[in-house]
Amino acid sequence: MSFLDSAAIASRRQRQVQRVLYVTLGLNVLVFLIKLILGLTTGSLSLIADALHSSTDSASNILGLVAMRFSSPEPDDDHPYGHRKFEAIGALGIAAFLGMASLEILRTAVERFWEPQPHLQIDELTLGMMVGVLGINVFVTLYEHRWGKALSSSLLLADARHTLSDVGVTLTVLLGLAGMHYWGIPWLDQVLAVPVGLLVFWSGWEVLRENVPFLTDRVAIPPKTLRELVLSLPGILDCHDITSRGIPGQMIFIEMHMVVEPLDVESAHRLTEAVEQLLQQRYGPVRVTIHLEPYSHIEGSRS
């Protein structure tokens, strides 16, 4: 498989990620409108705040679509290694949304402990619609997570975590409304908001932890692992000075120095192609740069 073939596969993957984002954007806009209408008609500040929090889901979808627009895997003159890091930058933007949402949740929860709680008219229809909204959130989370795993998309996985935080917030608000409606406990929602806010913060931290190493070109595959795999092919005497970066399953860039048994160029070239094919079978799309060296550069033979 040539690099152009790998880029074509990556392009198809990009279009699939975009389709998933369009579906989730439509559902998230629907959730936002339902929560906002319920909040305005009932006068519930927690519902209005929840609607504002849900708006970050739509915003993160739009951010993801913009990031995907600029994260084309196809190389060009200005970006010979493609544009894949734009997707990771989009995931970091979602992490920022998660951080801001968590701080807002915790701040509001603390403030409400010191403020008088107004009596709200919460009816069965409001609670039923909130249960429906919760179901939509759960579906979107599972849908994005499933496709994020299938497509190895850090952006979809990050957005699924963001929507999961909305599930927690919606559940908190729903329990708070039920507490006010059935049990007369006006402070239940802000008590439950504290662990939810911490959950949102942890989700943002996980997104950062997964994407910052990619942006800083952390090793994608341990050199020892690559060396053992390459040396398993007959005709290869040594492999050293190995570097790698990228994401397994999406695109990995690998460089290595190699000593081969054949002395003629054509036979040596066939071995390099065999190495590239082996790496693609094991790790998916890869772009390998191999520097051939003479026998004197075998590591064990160096003085």
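Note that the structure is predicted; figures quoted are calculated from it, not measured.

### Regarding the side chain of lysine 35
Structurally, lysine 35 is set in helix 1 (residues 3-42). Judged by relative accessible area, lysine 35 falls into the buried class, the value being 0%. For lysine 35, the residues in contact, after removing those within four places along its chain, are Leu47, Asp50, Ala51, Ser54, Met130, Val133, Asn137, Asp166 and Thr170.

### Regarding the nonpolar core
Counting residues in each nonpolar core, the largest one holds 36 residues, and the members touching the most others are Met130 and Leu177. When residues of this core are traced back to their parent elements, those giving at least two are helix 1, helix 2 (45-70), helix 3 (85-112), helix 4 (124-151), helix 5 (154-183) and helix 6 (188-215). Residue contributions to this core peak at 9 residues, all from helix 5. Here methionine 130 is in contact with Lys35, Leu38, Leu47, Asp50, Thr170, Val173, Leu174 and Leu177, once residues within four sequence places are set aside. If you look at the next biggest cluster of nonpolar residues, it comprises 22 residues, including Ile236, Cys239, Ile254 and Val260.

### Focus: the environment of valine 288
If you trace the backbone, valine 288 turns up in strand 3 (residues 286-292). A residue is classified by how much of its surface remains accessible, and valine 288, at 17% relative accessible area, is buried. Valine 288 sits 44 residues away from serine 244 along the chain, and the two C-alpha atoms are 9.1 Å apart. When residues no more than four places from it in sequence are discounted, the contact partners of valine 288 are Ile254, Glu276 and Leu279.

### Some remarks on the side chain of threonine 141
Position of threonine 141 among the secondary structure elements: in helix 4. Assessed through its relative accessible area of 10%, threonine 141 is described here as buried. Contact partners of threonine 141, with chain neighbours within four places excluded, come to Ala160, Thr163, Leu164 and Val167.

Definitions and limits used
- Residues numbered from 1 in each chain as written.
- Predicted model: local features only at pLDDT ≥ 70, side-chain atom pairs only at ≥ 80, totals over all residues.
- Heavy atoms only, no water.
- Helix = DSSP H or I, 4+ residues; strand = E, 2+ residues; numbered from the N terminus.
- Buried < 20%, exposed > 50% of the residue type's maximum accessible area, 1.4 Å probe, protein only.
- Contact = heavy atoms within 4.5 Å.
- Core = buried A, V, L, I, M, F, W, Y, C linked by side-chain atoms within 4.5 Å.

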